[in-house]
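# Geometric and topological summary
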Amino acid sequence: MKALILGITGQDGSYLAEILLEKGYEVHGVIRRASTINTERIDHIFEPESKQYLHYGDLAEGIDHLLYDIRPDEVYNLAAMSQVRISFDIPIYTADINALGALRILEGIRKIHPKARYYQASSSEMFGTTPPPQGEDSPFNPVSPYGIAKLFAYYTTRAYRRGYGLFASNGILFNHESPRRGHNFVTQKIVNAAVRISAGLQDKLILGNLSAERDWGHSKDYMRAVHLILQHDIPDDFVVATGEKYSVGDFVDKVFNILGLDKEKHIVIDDAFFRPNEVPALCGDASKIKRVLGWKPEYTFDSLVQEMIDEARKGLRR
């Protein structure tokens, strides 16, 4: 089996690559040309006997040349401008990559390699202000350029499935974290700052909205779900979530309590970190994927936070 992963250098792409390689796949990853090396999440995978190959590509142009050359059995679109707050600052770029990027891939598959199975990384941000719990039949009300662009890609995937008979599926993933999470995401920002504070290397942690509630799972669990979605007999759409929600303030409390820190001495709230439009609460109903595909998360909220802290401590020592 050949798999093509767009976004392989990200948190999700690195875990998915590991899962597929363990299953004997030949894994091809797409990376953007950059002036700095950005493969640190997958460097440990590259071994002489590994069946992994990297190719340059960009969603702004499409990947027709890779579809011609590789003829993958499965295509995973995990690539995106993935920071919700930043999407308000660069909305046009966000729409081009997250919305039109998916369209370019699907149109390429339709014209060049229609037998490929396609996975679209959809997002809980598409639900926006819809009250939880949010499931496959909940209405969408996105309020950020990121969520709006992801909703375009979601409906485009469904349209190509219905109109052209492609095996094209959506995974509506709720927030998922890990030690490989980017440092500009709030969970990793909290963990890294708290570890530095506990080591006496930092004094303050500046945050925005502490009341926003999210359903946080582990990226490794969610990538297992992503693979299962493409192994299903028919293409379909699935919510992937834990069904538990915690506020950003709860996350801070958990991390600071584990490290024995007094948050009142270190937390600073700055309006600059609030979004123009806030999503108050996201909590997914994953009963469908549990029933149909037999998936369930292995990590708990506590074990996720502990792993992130442990890895941040190791990184600080290094």
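Report on the accompanying structure. Model, not experiment: these values are computed from the prediction.

### Quick look at the overall build of the protein
Check the secondary structure of the protein and you find ten helices and 13 strands. Here the protein has a C-alpha radius of gyration of 19 Å; the compact-globule value for 318 residues is 20 Å, and the two agree. Projected onto the principal axes, the alpha-carbon positions of the protein cover approximately 60 × 45 × 40 Å. A total of 318 residues make up the protein; the buried ones form 54% of that total. Within the protein, contacts between residues separated by at least 24 positions form 80% of all contacts whose residues are at least 6 apart in sequence. As displayed, the protein has an accessible area near 14,100 Å², and 50% of this comes from carbon and sulfur atoms.

### A word on unusual backbone geometry
The omega torsion across Pro132 and Pro133 is 0 degrees, close enough to zero to call that bond cis. If you trace the backbone, Pro133 turns up in the loop between strand E5 (117–123) and helix H5 (145–164). Positive phi, close to 55 degrees, is recorded for Arg71, a residue that is not glycine. Take Arg71: it is sitting in the loop between helix H2 (64–70) and strand E4 (74–77).

### Let's talk about the pairing of strand E1 (residues 2–6)
Among the five residues in E1, four count as buried, and that is most of the element. Here E1 pairs with strand E2 (residues 26–31) via five bridges, running parallel. Considered in E2, the bridge of Ala3 is made with Val27. Of the crossover connections in this fold, the one passing from E1 over helix H1 (residues 11–22) to the parallel E2 is right-handed. Pairing geometry for E1 and E4, over four bridges, is parallel. Residue pairing in the sheet places Ile5 in a bridge with Tyr76 of E4.

### Concerning the pairing of strand E6 (residues 167–173)
Each regular strand displays side chains that alternate between the two surfaces of the sheet. A large share of E6 lies buried, amounting to seven of its seven residues. By the alternation rule, side chains of E6 split into Phe167, Ser169, Gly171 and Leu173 and Ala168, Asn170 and Ile172, which are all buried. Taken together, E5, H5 and E6 constitute a β-α-β crossover, and its handedness is right-handed.

### Regarding the sheet that holds strand E3 (residues 52–56)
Strand pairing in a sheet relies on backbone hydrogen bonds. The paired strands run either parallel or antiparallel. Reading across the sheet, the seven strands line up as E3-E2-E1-E4-E5-E6-E11 and stay open at both edges, with parallel pairing between neighbours. Every interior strand has two partners, whereas the edge strands, E3 and strand E11 (237–240), have only one. Between one strand and the next, the sheet's axes are offset by a mean angle of 20 degrees, whatever the strand orientation. Those strands touched by helix H4 (residues 91–112) are E1, E4, E5 and E6, and its axis lies near 165 degrees from that of E5. Taken strand by strand, helix H7 (residues 219–231) contacts E4, E5, E6 and E11, and its axis lies near 155 degrees from that of E6.

### Looking at the packing of helix H6 (residues 186–198) against helix H10 (residues 301–317)
Where H6 contacts H10, the axes come no closer than 9 Å and their chain directions differ by 55 degrees. Judged by the inter-axis angle, H6 sits oblique to H10. The interaxial crossing formed by H6 with H10 has right-handed handedness. Contacts between H6 and H10 involve Thr187, Gln188, Val191, Asn192, Val195 and Arg196 from the former and Met308, Ile309, Ala312, Arg313 and Leu316 from the latter.

Scoring rules and cut-offs
- Per-chain numbering applies: the sequence of each chain, read as written, is numbered from 1 onward.
- Where local features are concerned, this predicted model is filtered to residues with pLDDT of at least 70; where side-chain atom pairs are given and counted, the filter is 80 or more; whole-chain, interface and lining totals use all residues.
- To get the side-chain values, all heavy atoms of the structure are used, and hydrogens and water are removed first.
- A run of H or I in DSSP counts as a helix once it spans at least four residues, and a run of E counts as a strand once it spans at least two, with each numbered from the N terminus.
- Here the globule rule reads 2.2 Å times residues to the power 0.38, and the radius of gyration is calculated from C-alpha atoms.
- Each residue gets one of three labels from its accessible area relative to the maximum for its type: buried under 20%, exposed over 50%, partly exposed in between, using a 1.4 Å probe on protein chains only.
- Contact definition: two residues touch when any of their heavy atoms are within 4.5 Å.
- With residues, only the protein chains shown are counted as cover, and all accessible areas are computed by Shrake-Rupley using a 1.4 Å probe.
- Two strands are counted as paired when DSSP detects at least two bridges linking them.
- For the handedness criterion, the strands are oriented away from the viewer, and a crossover whose path from the first strand over the helix to the second runs clockwise is classed as right-handed.
- Only the contacting stretch of a helix is used when fitting its axis, a line to C-alpha atoms as for every element, and angles between N-to-C directions run 0 to 180 degrees.
- Throughout, the term roughly parallel applies to angles under 35 degrees, roughly antiparallel to angles over 145, roughly perpendicular to angles from 65 to 115, and oblique to all others.
- Whether a crossing is left-handed or right-handed is set by the direction in which the near helix is turned from the far one by less than a right angle, anticlockwise for left-handed and clockwise for right-handed.

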